[in-house]
Structures are given as structure tokens and as C-alpha cells.
Amino acid sequence: MKAFRLAAALLVAMGPVAASAQDASQGDLFAGYSMLARDGETMHGWQAALGWGVSGRIGLLFDVSGHQGSDAEGTDLGLLSLMAGPRVRFGGGRLRPFVHVIGGVVRSKASVGVFDVEISESSTDFGGAAGGGFDLGFGGRWALRLAGDYRVVKTDEETAKDPRFSAGVVYRLGR
């Protein structure tokens, strides 16, 4: 919810700003650190994304992320997410806020080692995320990105609801 409030505050502060026609076809590549809070445990990992403008401020976002961690019982946990969906960008200058709604699959793996044997269980479930963030440009093609979203993953037993935060660099394609 904090990510939604941050995105809304940025949008209100900027006012109505339209993206230029040049920005519409522009894409971007993102790579960075990601943190996921799951069931009271913090999982650290990476995130990579490809965004591509479709029309005006609307674009497509393809997101891949991986997180590793362990729970209080010593079970090693791993998550790999593949998601895609629409993204709306605002502005065209140094500060470029955005919001997105993505959906796809999340591969979960839990394992424990007993002597030299690893016992593991894995599953693939459907999930989605909604959130936003902003890019802060520092050159013609480079920017820093801070983003957050709220992920929901539907498993057989329960529905996991996890906030995810990420920070990294963006390389803008096109021009």
C-alpha cells in the first residue's frame, strides 16, 4: 500500500504531463537488487525487466526476479518469478514515475539438507503484482530506479501476499 501512496503522491505533485511521441516507442532495460518480505522473513535477490512503449504513456513490462532466503527452521527457500503486464509512465524529463500491474508464474522451492542429501519440494503457481516507482535520469540514456510492488501468489494451501522493493540502474533504448 505504501508503494501505491508514493506513486499517487508523485503523480499529483507532477500534474498532468504527457510523454512525447519519441518516448512512446522507447524501451528500457532494468537490472538491480530486490528484497522480498515473505512470511516474516526477508529474502534477497535480483530483478531484471524490459519495458517497451506501445502508445503514448502506455507500455508493456516483462519482469523476471529471483530471491533466496531461509526460514526460522533452517529450510532454504527460493523463488523465481516471470511476469508481464501493462505499465503507465508519466513525464519525460529526469524524473519519470510509473505504475504497473503484472501477472505470471512464480516457481517456489523449499529444501533442507540432511547429511549429503538434499530434500526439496517445489511448485509453480500463478501470481500477480501491482506497484510503481520512478526513474531518476543521470545521463542521456541512464537512470536510477526505485520501485516497489505488492505481490500476490495463489498456492494450493494459501495466498501469499508479499511486498517487494527494488533498486538498480536503467538503460534507455531507442532515440
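These figures come from a predicted structure and were not determined experimentally. (Residues numbered from 1 in each chain as written. Predicted model: local features only at pLDDT ≥ 70, side-chain atom pairs only at ≥ 80, totals over all residues. Heavy atoms only, no water.)

> Just to check I follow, could you spell out the overall build of the protein chain for this structure?
Looking only at helices and strands, the protein chain has two helices and eight strands in total. Ordering the α and β elements of the protein chain from the N terminus gives α-α-β-β-β-β-β-β-β-β. Each of the 175 residues in the protein chain was classed as buried or not, and the buried ones make up 39%. Restricting the contact set of the protein chain to residue pairs at least 6 apart, pairs at least 24 apart contribute 55%. (Helix = DSSP H or I, 4+ residues; strand = E, 2+ residues; numbered from the N terminus. Buried < 20%, exposed > 50% of the residue type's maximum accessible area, 1.4 Å probe, protein only. Contact = heavy atoms within 4.5 Å.)

> Explanation requested: a negative patch on the surface in the structure shown.
Negative charge collects at one region of the surface, where D39, E121, D156, E157 and E158 lie side by side. Within the fold, D156 resides in the loop between β7 (142-154) and β8 (159-172). (Patch = residues over 30% accessible without salt bridge, like charges linked within 9 Å, V, L, I, M, F, W, Y side chains within 5 Å. Areas by Shrake-Rupley, 256 points an atom, 1.4 Å probe, with all protein chains shown as cover. Salt bridge = Lys/Arg side-chain N within 4 Å of Asp/Glu carboxyl O. Lys, Arg positive; Asp, Glu negative; His and termini not counted. Charge placed at Lys NZ, Arg CZ, Asp CG, Glu CD.)

> What exactly am I supposed to notice about the layout of surface pockets here?
Here the idea is plain: a probe the size of a water molecule rolls over the atoms and shows the empty space left. A volume near 480 Å³ is recorded for the largest pocket. Lining the largest pocket are 19 residues, with R38, S108, A110, S123 and E157 positioned closest to its centre. Listing elements by their share of the lining of the largest pocket, those giving two or more residues are β2 (41-55), β4 (76-89), β5 (95-114) and β6 (117-137). The residue inventory of the lining of the largest pocket, partitioned by class, reads four nonpolar, five polar and 10 charged. (1 Å grid on protein atoms, 1.4 Å probe; cavity = no way out; pocket = protein on both sides within 12 Å on 5 of 7 lines; lining within 4 Å. Points joined across faces, edges and corners; volume = space filled by probe spheres on them. Nonpolar A, V, L, I, M, F, W, Y, C, P; charged D, E, K, R; others polar.)

> Would you take a moment to explain the nonpolar core for this structure?
Grouped burial of nonpolar side chains is what soluble globular proteins tend to show. Formed by 14 residues in total, the largest nonpolar core has its most connected members in L79, M83, I102 and V106. If you list the elements that add at least two residues to this core, you get β1 (27-38), β2, β4, β5, β7 and β8. (Core = buried A, V, L, I, M, F, W, Y, C linked by side-chain atoms within 4.5 Å.)

> Help me out: how do you make sense of the environment of M83 in this one?
Within the secondary structure, M83 sits in strand β4. Setting aside anything within four residues of it in sequence, one finds M83 in contact with L61, F62, D63, I102, G103, G104, V106, G127, G128 and A129.

> Any chance you could explain the environment of G93 here in plain terms?
Considering the arrangement of structural elements, one finds G93 in the loop between β4 and β5. The spacing of G93 and G137 is 44 residues in sequence and 7.7 Å in space, taken between C-alpha atoms.

> Any chance you could explain the sheet that holds β4 here in plain terms?
Across a sheet, strands are paired by hydrogen bonds formed along the backbone, either parallel or antiparallel in direction. One closed barrel accounts for eight strands, arranged β1-β2-β3-β4-β5-β6-β7-β8; its pairing is antiparallel. Put simply, the sheet's adjacent strands are angled 25° from each other on average, direction ignored. Relative to β8, β7 is paired through 13 bridges, and the arrangement is antiparallel. Following the sheet pairing, Y150 is matched in β8 by P163. (Pairing = 2+ DSSP bridges. Axes fitted to C-alpha atoms, helices over the stretch in contact; angles between N-to-C directions.)

> I tried to follow the packing of aromatic side chains on my own but got confused; where do I start?
Applying the stated criterion to the full structure yields one aromatic pair. Taking NZ or CZ as reference, R87 lies 5.8 Å from the ring centre of F98, over its face. (Phe/Tyr/Trp six-rings, centres within 6.5 Å; stacked < 30°, edge-to-face > 60°. Lys NZ or Arg CZ within 6 Å of the ring centre and 35° of its normal.)

So yeah, pure geometry; function would need other evidence.
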